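Observations on the model geometry
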Amino acid sequence: MNKAIKLAITFFILFTSAISLYAAEKDVLLKTTQTWDIAEYQKLKIKKPEVTVLKIIINVNEQLPMHKHDLVNIAYVKKGTLTVVTDNNKEITLHEGEVLPELIGKYHYGKNTGSEPVELIVFYIGEKGTPLSVNKQ
């Protein structure tokens, strides 16, 4: 057998073995072009991008203030039950393991509607210096 063919076969076997040995599992938790209220994301014009990741804990029976976000943010519910309510009373309830593409530029609040603290991991992407949230006055 030709030396080049032997080398190619050896490389193929090693390459496919390495893939199976080191293949990580992955689940797509969210892939979307819109927020949870079906508002399409607009073209993002970010000159100086800044990414922030927060861990937020909302205690039992706690309600956050009415606020809005002027940047893209995604919340992962690590633990608990979260209900998000808009200023016109549209709401969505999420449970452990679910992901929420947050509203942009619309007032809303989150509240713990479960029997244990809600633990969120929230990813924000926007222009550097943009506040993560703005409370309604």
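Everything discussed here concerns the structure shown above.
An account of the accompanying structure is given in this report. None of the values given here were measured: they were computed from a predicted structure. All chains use their own residue numbering, which begins from 1 and follows the written sequence. Predicted model: local features are reported for residues with pLDDT of at least 70 only, side-chain atom pairs are reported and counted for 80 or more only, and whole-chain, interface and lining totals are derived from all residues. The basis for every side-chain value is the complete set of non-hydrogen atoms in the structure, without hydrogens or water.

We define the nonpolar core as a collection of buried residues of types Ala, Val, Leu, Ile, Met, Phe, Trp, Tyr and Cys that are connected through side-chain atoms lying within 4.5 Å of one another. The buried label applies to any residue whose accessible area, calculated with a 1.4 Å probe on protein chains only, is under 20% of its type's maximum; exposed applies above 50%, and partly exposed to all values in between. Core analysis: the largest hydrophobic core is formed by 14 residues, its most contacted members being L82, L100 and L120. When residues of this core are traced back to their parent elements, those giving at least two are strand 3 (72-79), strand 4 (81-86) and strand 8 (118-127). Every helix listed is a DSSP run of H or I at least four residues long, and every strand listed is a run of E at least two residues long, numbered separately from the N terminus. Among the elements that take part in this core, strand 8 stands out by supplying 4 residues, more than any other. Beyond its immediate stretch of four places on either side in the chain, L100 contacts W36, N73, I74, A75, V84, I92 and L94. Whether two residues are in contact is decided by their heavy atoms, any of which lying within 4.5 Å being enough.

The next point concerns empty space enclosed by the protein. A cavity, in this analysis, means grid points on a 1 Å lattice covering only the protein atoms where a 1.4 Å probe fits yet has no way out; a pocket is instead an open set bounded by protein on both sides within 12 Å along at least five of seven lines, and a residue lines either one if it has an atom within 4 Å of a point. Grid points are joined across faces, edges and corners, and a volume is the space filled by probe spheres set on the points. Within this structure, the stated rule accounts for 1 cavity of 30 Å³ or more. Quantified by volume, the largest cavity comes out at close to 30 Å³. Lining the largest cavity are E50, T52, L71, Y124, G126, E127, T130 and L132. Residue assignment for the lining of the largest cavity shows that the elements contributing at least two residues are strand 1 (49-58) and strand 8. With 3 residues, strand 8 is the largest single contributor of residues to the lining of the largest cavity.

The subject of this paragraph is the pairing of strand 5 (residues 91-95). Pairing between strands is defined by DSSP: at least two bridges between the two strands are required. Relative to strand 5, strand 4 runs antiparallel, the two sharing 5 bridges. Residue L82 lies in a different strand from strand 5, and its bridge partner there is L94. Counted between consecutive antiparallel strands, the loop separating strand 4 from strand 5 contains 4 residues, among which N89 sits at a positive phi close to 65 degrees.

Secondary-structure assignment places T83 in strand 4. Note on T83: relative accessible area 3%, which makes it buried. Separated by 27 residues in sequence, T83 and G110 have C-alpha atoms that sit 5.6 Å apart. With near-sequence residues (within four places) excluded, T83 lies in contact with E91, I92, T93, Y109, G110, K111 and T113. A distance of 2.9 Å separates polar atoms of two side chains, one belonging to T83 and the other to T113. Polar contact is the term for a pair of N or O atoms within 3.5 Å; when the atoms are in protein, one must be able to donate a hydrogen and the other to accept it, and sequence-neighboring residues count only if both atoms are side-chain atoms.

Moving on, we come to the sheet that holds strand 8. Two strands in a sheet stick together by hydrogen bonds in their backbones, pointing the same way (parallel) or opposite ways (antiparallel). Read across the open sheet, the 4 strands follow the order 1-8-3-6; overall the sheet is antiparallel. Each of the sheet's edge strands pairs with one partner strand only, and the pair in question is strand 1 and strand 6 (99-101). Between one strand axis and the next, the sheet turns through 15 degrees on average, direction left out of account. For strand 3 and strand 8, the ladder comprises 7 bridges, and the chain directions are antiparallel. Where helices are involved, their axes are fitted lines through C-alpha atoms of the stretch in contact, as for all axes, and angles between N-to-C directions lie from 0 to 180°.

Right, let's get into the pattern of salt bridges. Counted as salt bridges are all cases of a side-chain nitrogen of Lys or Arg within 4 Å of a carboxyl oxygen of Asp or Glu. In total, this model carries 5 salt bridges according to the counting rule given. With a closest N to O distance of 3.7 Å, D70 and K68 form a salt bridge. By relative accessible area, which is 19% here, K68 ends up buried. K136 is paired through a salt bridge with D87; the nearest N and O atoms lie 3.8 Å apart. Of the two residues, K136 sits in the segment after strand 9 (134-135) while D87 sits in the loop between strand 4 and strand 5, which places them 49 residues apart along the sequence. Residue class for K136 comes out partly exposed when judged on its relative accessible area of 42%. Look at D87 and you get partly exposed, because its relative accessible area is 42%.

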